[in-house]
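# Examining the three-dimensional arrangement
Here is how the chains run, residue by residue.
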Amino acid sequence: MNKVLKNMAAGGGVGALFLFQIIVASGSPNFLFFPAASLYLATYMTPPFAFVLGVLMGSIWDSVSLAPFGVHALGLGGSMAGVSLYMKLMDERSIAARGFVASLVWGIYTIVLGALYLFLEKESQVIMLYGYDSLLGFLTLLVAMGSHVVLLKLYRRA
């Protein structure tokens, strides 16, 4: 599959997950499992496309977030571009490598945002929700990797 089709498929997946996230978490500050899945999908994108898509989605996310404006736009854009760049050093066909890279960047991303929330002295309930969402994001990454492995095994048998 060429790069344009991979970008379109991964970008469409990010957009669909973003809409799903809005539907599921409307009316609450739970907006963190979307970036985890987006980081995984960004491993299939080229770095410039990943950065632009991350900034676009992050700027929309900024409007409903508790963090200062621009934090999510630049953070998500930079993280998605970083994941995409890092995959150039890894085995691009390996699901474990994609999961490892996405999990590593997800950990850095959540630590930085968690420190920012603590620095801004948000309410303790917000910090608890943030911890819950961070765990949910990690579980989402595990489900994405697991479902990909299962689909590959089914495809090979067919």
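Remember, predicted model here, so these are calculated numbers, not experimental data. (Residues numbered from 1 in each chain as written. Predicted model: local features only at pLDDT ≥ 70, side-chain atom pairs only at ≥ 80, totals over all residues. Heavy atoms only, no water.)

### A short note on the nonpolar core
One broad trend across soluble globular proteins is that nonpolar side chains are buried collectively. By size, the foremost hydrophobic cluster in this structure holds 30 residues, and its most contacted members are Val14, Leu39, Met45, Met57 and Met80. A per-element tally of this core places helix α5 (residues 95–119) first, with nine residues. In this structure, Val14 is in contact with Phe34, Ser38, Leu41, Met45, Leu53, Met57 and Met80, ignoring residues within four places of it in sequence. (Core = buried A, V, L, I, M, F, W, Y, C linked by side-chain atoms within 4.5 Å. Buried < 20%, exposed > 50% of the residue type's maximum accessible area, 1.4 Å probe, protein only. Helix = DSSP H or I, 4+ residues; strand = E, 2+ residues; numbered from the N terminus. Contact = heavy atoms within 4.5 Å.)

### Comments concerning the environment of Val143
Along the chain, the position of Val143 falls in helix α6 (residues 124–157). Note on Val143: relative accessible area 58%, which makes it exposed. Taking C-alpha positions, Val143 is 9.5 Å from Ala37, a pair spaced 106 residues apart along the chain.

### A short note on the packing of aromatic side chains
Aromatic ring pairs are reported here in terms of the distance separating the ring centres and the angle at which the planes meet. One pass over the full model with this rule turns up two aromatic pairs. An angle of 70 degrees between the planes, with centres 6.1 Å apart, marks the rings of Tyr40 and Tyr44 as edge-to-face. Relative accessible area serves as the criterion here: at 4%, Tyr40 is assigned to the buried category. Positioned over the ring face of Tyr44 is Arg98, at 3.8 Å from the centre of the ring. (Phe/Tyr/Trp six-rings, centres within 6.5 Å; stacked < 30°, edge-to-face > 60°. Lys NZ or Arg CZ within 6 Å of the ring centre and 35° of its normal.)

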